[in-house]
Every structure is written in C-alpha cells, then in structure tokens.
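The lines below spell out each chain.
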Amino acid sequence: MATAGSSGPAGRRGVRVVDSHTEGEPTRVVIEGGPPVGDGPLAARRDALRDRYDEFRRALLDEPRGVEAMVGALLGPPEDPTHTAGVVFFDRARYLGMCGHGTIGLVATLAYLGRVRPGPATIDTPVGPVPVELRPDGSVTVWNVPSYRSRTRVRLDVPGYGPIEGDVAWGGNWFFLVDTGPADLRLRNVDTLLAYCRAIRSALVRDGVTGEAGEPIDHVELSGPPERPENHGRSFVLTPDGTYDRSPCGTGTSAKVACLVADGRLALGAPWRQEGILGGVFEAVAEPLPRGIRPRLTGTAFVTGESNLIFQERDPFRAGVGSGAPSPKRPRTSGGRRKR
Ligand code: PYC
C-alpha cells in the first residue's frame with residue numbers, strides 16, 4: 001500500500017491518530033505517519049492525497065480500523081506560518097472542502113495534545129483559513145468560510161416521492177436543503193430519511209443540478225422543528241459516503257443559516273441553535289459579508305482515543321474493507337495456490 005507508516009523497523013511503525021466525537025460525529029486526526037503530501041497550499045496537499053495516496057483514506061476510515069460516518073483529518077503545518085495548523089478533511093467517499101464538526105474535533109484534539117490553549121487560533125483548509133477559538137469551558141467556536149445560497153426553490157421530481165423544492169447553498173460543502181420529508185427527524189426514522197435523501201441526491205445528478213462551477217452537491221439536508229424549546233431547528237444530513245451526520249453538521253448549519261438570512265427569517269447577529277439527529281446542538285450566528293454571511297459556529301467535542309494504527313504488509317485487508325475498496329490481494333505461495 002502506497003502509504004506512509006506501513007514500513008519501518010520490523011514493520012512496527014504505524015500511523016498515530018487521535019479520535020474524537022463532536023456531538024456524536026466521529027473525527028480521526030492523523031498526527032504522525034501520514035502520507036508525504038508536503039507543506040504547500042492545502043488544496044495541493046488535498047490533491048496529492050487524492051491522486052497519489054487515496055488508499056490511505058480508505059485504510060484509515062473503512063473497517064476494520066474505522067467506523068461508519070467517521071471523518072478523517074490529515075494534520076500538517078499551516079500554509080501561512082502565522083497560523084496554527086493545516087488540515088485536509090475526507091470521509092469514506094471523498095475529500096471535504098471544510099468540515100465543521102471535524103474542525104471542532106481537531107481543535108479539541110490539539111488541546112488534548114497541548115498544542116493549543118484557550119484563546120484564538122487559525123486552521124488552514126483547502127477552502128481557506130478558518131479562525132477558531134478554544135473557550136475556557138472546552139467548547140470551540142469556528143468562523144466558517146463565507147456561506148451563501150446560490151439557487152432558490154429548485155424544483156425536483158424525486159421518483160417515489162413526487163415533486164419537491166429545495167435550495168442550493170454553500171457552507172464549505174455544497175448542500176441541497178429541503179424543508180419537507182417523509183418522516184419526523186428522529187433517530188427511529190433514519191432508514192426512511194436516508195432513502196429519501198439518497199433519492200434526492202440521485203435526482204440532482206439526473207437533472208444536472210450542481211453547485212457553482214458544476215461542483216457536485218454531495219450533501220442533502222432536511223430541516224424540521226426542534227425537539228427542545230430552547231433550540232430553533234433540527235437537521236438530518238446525508239453525507240457524501242451515503243450515511244448521515246450524527247452531529248447537526250457544521251457546514252450544513254452554515255448553509256441553513258445562509259438561507260434563513262437570505263429569506264429574512266433570521267437576523268444578522270441572532271443565534272440559531274440547530275439540533276442534530278441525536279439531539280446535539282451547534283449554535284450559529286451570522287456575520288454580514290458582501291455576498292452571503294460568515295457563520296460563527298460553536299460546539300463541543302470530546303477525545304475518545306489515541307492509537308497507533310498498524311498496516312502489516314501481509315494483511316490482505318490492510319487497505320480496508322467497504323466503500324468500494326478493491327478485493328484483497330492475497331499473498332500467493334510459490335505454487336500459485338492461495339495462502340489461507
Ligand atoms: O460538520 O461540516 C460538518 C460535516 C460535514 C460532513 C460531516 N460533517
């Protein structure tokens with residue numbers, strides 16, 4: 001496997017990771033032993049990871065090492081030397097422009113490692129620098145990338161569900177946001193909600209509905225009423241890997257707030273508290289920009305583990321199992337028979 005960390009003395013050098021969850025959504029930060037993608041622009045590091053070391057992404061996140069919904073974060077030096085760190089986010093399907101829950105998880109990880117203290121910091125990402133603040137109570141505020149709605153009330157005929165309308169918005173990833181659904185946004189309805197969102201995403205592809213510059217819309221967000229009265233809304237988000245965000249989704253909350261402000265349903269500076277499907281909350285406040293808004297997003301993450309992942313050369317499943325990973329390459333005996 002063309003990854004770092006798989007060789008070394010007696011094959012014992014691994015990939016060091018710290019795991020966390022942000023309102024239930026897991027993040028795995030690679031702190032040592034990742035592929036050599038250099039220290040140039042984050043977009044170039046992401047391209048190098050995608051073009052030369054994509055197996056690493058799957059090996060890190062797929063079974064047997066990863067879990068469904070996990071987002072990976074390759075930590076590196078910042079692009080701007082005055083900033084704190086650089087990061088490339090990815091999931092089991094593809095690379096993410098930005099990741100709200102992942103940034104909160106990354107800052108909690110840096111705090112755990114003693115690399116940030118309460119106060120401001122800046123994380124460089126492939127879609128731009130992201131200022132953050134670690135608060136004394138351990139929560140993290142993220143000034144997300146500029147977020148805006150690009151298309152309003154797009155009509156879509158979704159097979160099995162009929163015509164629906166939704167908005168296309170950017171919050172660091174592309175979202176199709178829909179206010180109606182086939183069931184309440186509750187955990188017991190996950191299968192129904194997933195099927196609906198996947199059908200919407202297929203219809204978007206079929207009709208050529210994209211983000212700007214033809215970028216695919218890889219997230220679908222359903223909105224509904226909150227469960228608790230102190231909150232303002234609840235979300236269910238289909239992520240690129242075909243599963244759902246356990247958290248309220250940071251980039252999704254940003255896209256939602258951009259739409260609410262554009263509709264005059266949320267004032268600039270007013271808090272929007274969005275529940276995720278597990279009931280965890282992100283609070284977002286919109287700051288004005290010439291186009292769209294800058295969402296200021298606050299949430300909490302907890303570190304759950306620190307490990308050294310091992311990729312043994314003889315392991316036929318060392319590149320991971322699932323999400324389209326190729327069949328394992330089994331070592332052959334000299335007679336060409338498969339080893340058991
Ligand atoms: O929090 O932005 C987010 C996110 C994107 C995909 C999964 N989580």
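In case you missed it, the structure is sitting above this.
Here the structure is a predicted model, which means the values were calculated and not measured.

Definitions and cut-offs
Along every chain, residues carry numbers that run from 1 in the direction the sequence is written. For this predicted model, a pLDDT threshold of at least 70 governs which residues receive local features, and a threshold of 80 or more governs which side-chain atom pairs are given and counted, while totals over whole chains, interfaces and linings are taken from all residues. Excluded from the side-chain calculations are hydrogens and water; all other atoms, namely the structure's heavy atoms, are used. Note on definitions. A residue lies near a molecule or strand when any single heavy atom of the residue is within 4 Å of it. Nitrogen and oxygen atoms within 3.5 Å of one another constitute a polar contact, given that in protein one can donate a hydrogen and the other can accept it, and given that sequence-neighbouring residues count only through two side-chain atoms. Reported accessibility uses the Shrake-Rupley method at a 1.4 Å probe radius. Residues are deemed covered only where the shown protein chains occlude them. As defined here, a cavity is a set of points on a 1 Å grid over the protein atoms alone where a 1.4 Å probe fits but cannot get out. A pocket is an open set with protein on both sides within 12 Å along at least five of seven lines, and residues line them when an atom is within 4 Å of a point. By definition, a pocket or cavity contains a molecule when more than half of the molecule's atoms lie within 2 Å of the pocket's grid points. We count a stretch as a helix when DSSP gives it H or I for four or more residues in a row; a strand needs E for two or more, and each element gets its number in order from the N terminus. Side-chain classes follow a simple rule in which Ala, Val, Leu, Ile, Met, Phe, Trp, Tyr, Cys and Pro form the nonpolar group, Asp, Glu, Lys and Arg form the charged group, and the remainder, Gly included, forms the polar group. When a residue's accessible area, from a 1.4 Å probe over protein chains only, is under 20% of the maximum for its type it is buried; when over 50% it is exposed; and in between it is partly exposed. Grid points are joined across faces, edges and corners, and a volume is the space filled by probe spheres set on the points. The rule for a salt bridge is simple: a side-chain nitrogen of Lys or Arg has to be within 4 Å of a carboxyl oxygen of Asp or Glu. In these notes, a set of buried Ala, Val, Leu, Ile, Met, Phe, Trp, Tyr and Cys residues joined through side-chain atoms within 4.5 Å is what counts as a nonpolar core. What makes two residues a contact is simply this: any of their non-hydrogen atoms within 4.5 Å. The reported arc concerns the directions from the helix axis to the C-beta atoms and nothing else.

Asks: Honestly, the site of the ligand in this entry has me stumped. Any pointers?
Replies: In the region of the ligand, the neighbouring residues are E25, C99, G100, H101, H219, T239, D245, C249, G250 and T251. H101 is positioned such that a nitrogen or oxygen atom in its backbone is 2.8 Å from an oxygen atom of the ligand. At a separation of 2.7 Å, an oxygen atom of the ligand approaches a polar backbone atom of G250. Within the complex, the protein chains bury 99% of what would otherwise be the 250 Å² of accessible surface of the ligand. Put simply, the ligand lies in the largest cavity. If you list the elements that add at least two residues to the shell around the ligand, you get helix 3 (100-112) and helix 5 (250-262). Its residues placed into classes, the shell around the ligand shows two nonpolar, six polar and two charged.

Asks: It is not clear to me how unusual backbone geometry should be interpreted in this structure. Could you clarify?
Replies: Apart from glycine, the bulk of residues carry a negative phi angle, and the bulk of peptide bonds sit in the trans form. Going from E63 to P64, the amide bond is cis rather than trans, its omega being 5°. Note on placement: P64 falls in the loop between helix 2 (54-61) and strand 3 (71-76). Within the chain, A69 stands out as a residue other than glycine whose phi angle is a positive 80°. Residue position: A69 is located in the loop between helix 2 and strand 3. On the basis of relative accessible area, A69 is assigned to the buried category, the value being 2%. The backbone phi angle of C249 is positive, close to 70°, even though this residue is not glycine. Mapped onto the fold, C249 is located in the loop between strand 13 (233-238) and helix 5. C249 sits in the buried class, given a relative accessible area of 4%.

Asks: Any chance you could explain empty space enclosed by the protein here in plain terms?
Replies: Empty space among the atoms can be located by rolling a probe the size of a water molecule over them. Tallied over the full model, the rule gives one cavity of 30 Å³ or more. Of the volumes computed, that of the largest cavity is approximately 110 Å³. Lining the largest cavity are 18 residues, and of these L96, C99, H219, T239 and D245 sit closest to its centre. For the lining of the largest cavity, the secondary structure elements donating two or more residues are helix 3 and helix 5. For the lining of the largest cavity, a count of residues per class yields seven nonpolar, seven polar and four charged.

Asks: What is the right way to look at the pattern of salt bridges in this model?
Replies: Here the idea is simple: oppositely charged side chains can pair when their charged atoms come close. In total, this model carries 23 salt bridges according to the counting rule given. With a shortest N-O distance of 3.1 Å, D47 and R46 are connected by a salt bridge. Among the charged side chains, a salt-bridge network with shared partners connects R46, D47, R50 and D51.

Asks: I would appreciate a short explanation of the nonpolar core in the present structure.
Replies: Note that soluble globular proteins tend to have their nonpolar side chains buried in a common cluster. One finds L156, F176, I200, L222 and F236 to be the most contacted residues of the largest nonpolar core, which totals 66 residues. When residues of this core are assigned to their parent elements, the largest contribution, nine residues, is made by helix 4 (residues 190-206). F236 has contacts with L185, V190, L193, L194, C197, V220, E221, L222, Y244 and I277, leaving out every residue within four places of it along the chain.

Asks: Mind showing me how you'd approach helix 1 (residues 42-52) here?
Replies: An α-helical turn contains 3.6 residues, so a residue and the one three or four places further along point in the same direction. When we look at burial in helix 1, the residues that qualify are L42, R45, R46, A48 and L49. Here the buried residues of helix 1 occupy an arc of 160° about the axis, which is enough to place them on one side. For helix 1, exposure combined with an orientation more than 90 degrees from the buried face picks out D51 and R52. Where helix 1 is buried, its residues touch helix 2, strand 3, strand 4 (85-90), strand 5 (95-96) and strand 6 (119-125).

Asks: Can you walk me through helix 2 in this structure?
Replies: The buried fraction of helix 2 is high, at six of eight residues. Those residues of helix 2 that sit buried are F56, R57, R58, A59, L60 and L61.

Asks: Please explain the layout of surface pockets as it appears in this structure.
Replies: Of the volumes computed, that of the largest pocket is approximately 270 Å³. Lining the largest pocket we find 14 residues, and of these Y95, L96, G97, E215 and D218 sit closest to its centre. Every element with two or more residues in the lining of the largest pocket is listed here: helix 1 and strand 5. Partitioned by chemical class, the residues of the lining of the largest pocket number six nonpolar, three polar and five charged. By volume, the second largest pocket amounts to about 230 Å³. As for the second largest pocket, its lining consists of 15 residues, of which G166, D167, L177, D179 and R265 are closest to the centre. Put simply, the parts of the chain that give the lining of the second largest pocket at least two residues each are strand 9 (148-158), strand 10 (162-170), strand 11 (174-178) and helix 5. Grouping the amino acids of the lining of the second largest pocket by side-chain chemistry returns four nonpolar, three polar and eight charged.

Asks: Can you walk me through the environment of W174 in this structure?
Replies: Following the sequence through the fold, W174 ends up in strand 11. Judged by relative accessible area, W174 falls into the buried class, the value being 3%. When the C-alpha atoms of W174 and L96 are compared, they prove to be 9.8 Å apart, with 78 residues separating the residues in sequence. In contact with W174, other than residues within four places in its own chain, are Y148, S150, V168, A169, G211, E212, E215, P216, I217, D218 and H219. Side chain to side chain, W174 and E215 meet in a polar contact 3.1 Å long.

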